[in-house]
Amino acid sequence: MTELSRRDAVQLMAGIPLLAAGLSPRTITRAVESARAAQAAAAPFTPAWFTAHEYQTVRLLADYIIPKDARSGSATDAGVPEFMDFILNDQKSMQTPMRGGLAWLDTECRERFNQSFLLASDAQRRQVLDDIAWPAKARPALSQGVSFFSDFRDLTASGFFSSKMGVEDLQYLGNTIVMEWNGCPPEALKKLGVNY
């Protein structure tokens, strides 16, 4: 067994939901490498598994889950849609739930707003997502959407936090030299209810 770098270890930890779903560490690593290569390529990415419409929906939905903020870019900036395309092209058991979930999302938007998720307004999209994002609060009639969104959120988080951008977003500072240790900051001790 080869030595694992800290970055590789953090990337694998980010893939825990995918490991729990039965994916191998090698598959996750290959997906990360594939997403990096796709982002580095001069040509626009062409998905191997998603249809063009699905891929646009995935890009939009992933950015609702992890939007750009002051610390890092969005899920799309980190290559999450490319990561997902690799995983789904490789994992046949995940394909039907993903394709069905994306179709469910469009159907729900059409029933509510007479347009697909892509064409719905930001407020309309958020309304649907708010209804499926909290499993304990969701109406039973939305169980398929809740299940899809939970899986999609796990895949988005795994893709983001296994990317270079996601690892940097964690601001992991382990194994750094501390020249002078002054103890835990007083405000942290107070918050923990500890003193020494």
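Treat the numbers as computed from the prediction; the structure is a model and nothing was measured.

Enquirer: Just checking my understanding: could you explain helix H6 (residues 92-113) for this structure?
Expert: In an α-helix, one full turn covers 3.6 residues, which means residues spaced three or four apart are oriented alike. Look at H6: 32 Å from first C-alpha to last across 22 residues, which is about the 32 Å you get at 1.5 Å a residue. Looking one or two residues beyond H6, the residue adopting positive phi is Asn114, at roughly 60°.

Enquirer: Explain the nonpolar core here, please?
Expert: Nonpolar side chains in soluble globular proteins generally cluster together in the buried interior. With 36 residues, the main nonpolar core has Phe50 and Met98 as its most contacted residues. For this core, the elements supplying multiple residues, two or more each, are helix H4 (52-65), helix H5 (80-90), H6, helix H7 (122-132) and helix H8 (143-161). The greatest single-element share of this core, amounting to 7 residues, is contributed by H6. Apart from the residues within four sequence positions on either side, Phe50 is in contact with Tyr55, Val58, Pro81, Met84, Asp85, Leu88, Met98, Arg99 and Leu102.

Enquirer: Help me understand unusual backbone geometry in this model?
Expert: For residues that are not glycine, phi is negative in most cases, and the peptide bond is trans in most cases. Of note, Asn114 is a non-glycine position whose phi angle comes to about 60°, a positive value. You can call Asn114 exposed: its relative accessible area is 72%.

Enquirer: I would appreciate a short explanation of the side chain of Thr76 in the present structure.
Expert: Residue placement: Thr76 occurs in the loop between H4 and H5. Exposure remark for Thr76: the relative accessible area of 11% places this residue in the buried category. Leaving out residues up to four positions away in the same chain, Thr76 has contacts with Gln39, Arg59, Asp63 and Pro81.

Enquirer: In this structure, what is going on with the side chain of Asp169? I would like to understand it.
Expert: Within the fold, Asp169 resides in helix H9 (residues 164-169). By relative accessible area, Asp169 is classed as buried at 9%. Residues in contact with Asp169, not counting those within four places in the same chain, are Arg71, Ser72, Phe160 and Phe161.

Enquirer: What's the story with the pattern of salt bridges in this structure? I'm lost.
Expert: Should their charged atoms come close, side chains of opposite charge can pair. Inspection of every chain in the model, using the stated rule, returns 6 salt bridges. Between Glu54 and Arg99 there is a salt bridge; the shortest N-O distance is 2.7 Å. Of the two residues, Glu54 sits in helix H4 while Arg99 sits in helix H6, which places them 45 residues apart along the sequence. On the accessibility criterion, Arg99 (32% relative accessible area) is partly exposed. In this structure, Arg126 engages Asp122 in a salt bridge whose closest nitrogen and oxygen atoms are separated by 3.0 Å. Residue Arg126 and its partner Asp122 are located together in helix H7, separated by 4 residues, close to a single helical turn. Using a relative accessible area of 38% as the deciding quantity, one classes Asp122 as partly exposed. Three or more residues are tied together by salt bridges with common partners; here these are Glu108, Arg112 and Asp131.

Enquirer: Just to check I follow, could you spell out the packing of aromatic side chains for this structure?
Expert: Within this structure, the stated rule accounts for 6 aromatic pairs. Their ring planes at 40° and their centres at 5.6 Å tell us that Phe45 and Tyr55 sit as a pair that is tilted. Of this pair, Phe45 sits in the loop between helix H3 (25-40) and H4 while Tyr55 sits in helix H4, and the two are 10 residues apart along the sequence. For Tyr55, a relative accessible area of 8% translates into the label buried. Here the aromatic rings of Trp49 and Phe50 are separated by 5.1 Å at their centres, their planes lie at 70°, and the arrangement is edge-to-face. In terms of burial, Trp49 and Phe50 fall into one category: buried. Grouping aromatic residues by their ring pairs yields a cluster made of Phe45, Trp49, Phe50 and Tyr55.

About the criteria used
Residues numbered from 1 in each chain as written. Predicted model: local features only at pLDDT ≥ 70, side-chain atom pairs only at ≥ 80, totals over all residues. Heavy atoms only, no water. Helix = DSSP H or I, 4+ residues; strand = E, 2+ residues; numbered from the N terminus. Expected span 1.5 Å × (residues − 1). Core = buried A, V, L, I, M, F, W, Y, C linked by side-chain atoms within 4.5 Å. Buried < 20%, exposed > 50% of the residue type's maximum accessible area, 1.4 Å probe, protein only. Contact = heavy atoms within 4.5 Å. Salt bridge = Lys/Arg side-chain N within 4 Å of Asp/Glu carboxyl O. Phe/Tyr/Trp six-rings, centres within 6.5 Å; stacked < 30°, edge-to-face > 60°.

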